[in-house]
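Each chain, letter by letter, is given below.
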Amino acid sequence: GQLVESGGGLVQPGGSLRLSCAASGFTFSTYDMNWYRQAPGREREFVAGITNTGGTTNYANSVKGRFTISRDNARNMVYLQMNSLKPEDTALYYCNGRSWRRPDYWGQGIQVTVSS
């Protein structure tokens, strides 16, 4: 299986970005999907998650109300809409797929930089 992120880049504080993650090589609709991030010198941290059907989402407190995770099982895609971005959101963002008793999948990561 493979996960490939896209949509990162440089944005000013207060701006928006939409990350996309394309899945292939596994049964996407049976996997819960997550976004993690890792800033320089810090541990990788959970950002947002969505269940396999899309019925339930959850967020880190630091992004709640600003970020929205969604998925399209027909297209094998998961998204992270990021609004009101702050400099502390600067990190490498990773897409993750997780399912009980099945392999975990990780993307290669994509850089998001929030700076004026």
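Everything below is about the structure printed above this text.
Before going into details, it helps to say that this report is about the structure given with it. (Residues numbered from 1 in each chain as written. Predicted model: local features only at pLDDT ≥ 70, side-chain atom pairs only at ≥ 80, totals over all residues. Heavy atoms only, no water.)

## Structural notes on the overall build of the chain
In step 1: The helix and strand inventory of the chain stands at zero helices and 11 strands.
In step 2: Beginning at the N terminus, the succession of helices and strands in the chain can be written as β-β-β-β-β-β-β-β-β-β-β.
In step 3: Computed over C-alpha atoms, the radius of gyration of the chain comes to 13 Å, within 12% of the 13 Å expected from 2.2 N^0.38 for 116 residues, which places it in the range of a compact globule.
In step 4: The principal-axis extents of the C-alpha atoms in the chain amount to approximately 40 × 25 × 25 Å.
In step 5: A burial count over the chain gives 42% of its 116 residues as buried.
In step 6: Pairs at least 24 apart in sequence give 52% of the contacts found in the chain among residues at least 6 apart.
In step 7: As presented, the chain carries roughly 6100 Å² of accessible surface, and 46% of it is formed by carbon and sulfur atoms.
In step 8: On the chain, the mean spot of the 12 positive side-chain charges and the mean spot of the 8 negative ones are 4 Å from each other. (Helix = DSSP H or I, 4+ residues; strand = E, 2+ residues; numbered from the N terminus. Rg over C-alpha atoms; globule rule 2.2 N^0.38 Å. Buried < 20%, exposed > 50% of the residue type's maximum accessible area, 1.4 Å probe, protein only. Contact = heavy atoms within 4.5 Å. Areas by Shrake-Rupley, 256 points an atom, 1.4 Å probe, with all protein chains shown as cover. Lys, Arg positive; Asp, Glu negative; His and termini not counted. Charge placed at Lys NZ, Arg CZ, Asp CG, Glu CD.)

## Digging into the pattern of salt bridges
In step 1: All told, the structure shown has five salt bridges when counted by the stated rule.
In step 2: Put simply, D89 and R66 hold a salt bridge, and the shortest N to O gap is 2.8 Å. Placement of the pair is D89 in the loop between β8 (77-82) and β9 (91-98) and R66 in the loop between β6 (57-59) and β7 (67-72), with a sequence separation of 23 residues. When sorted by exposure, D89 lands in the same class as R66, which is buried.
In step 3: Residues D72 and R75 are paired through a salt bridge, measuring 3.3 Å at the closest nitrogen-oxygen approach.
In step 4: Residue D72 is classed as partly exposed on the basis of its relative accessible area of 23%.
In step 5: Through salt bridges that share partners, R37, E45, R66 and D89 make up one connected network. (Salt bridge = Lys/Arg side-chain N within 4 Å of Asp/Glu carboxyl O.)

## A word on the pairing of β8
In step 1: Burial analysis of β8 places five of its six residues in the buried class, which makes it a mostly covered element.
In step 2: The pairing of strand β3 (residues 17-24) with β8 spans six bridges and is antiparallel. Of the residues in β8, the one forming a bridge with S20 is Y79.
In step 3: Where β7 lies against β8, six bridges are found, and the strand directions are antiparallel. Bridging across to β8, T68 finds its partner in Q81. (Pairing = 2+ DSSP bridges.)

## Re the sheet that holds β8
In step 1: With antiparallel pairing, the four strands of this open sheet are ordered in space as β1-β3-β8-β7. At either end of the open sheet lies a strand with only one pairing partner, and these are β1 (2-6) and β7. With strand direction ignored, the average angle separating the axes of adjacent strands in the sheet is 15°. (Axes fitted to C-alpha atoms, helices over the stretch in contact; angles between N-to-C directions.)

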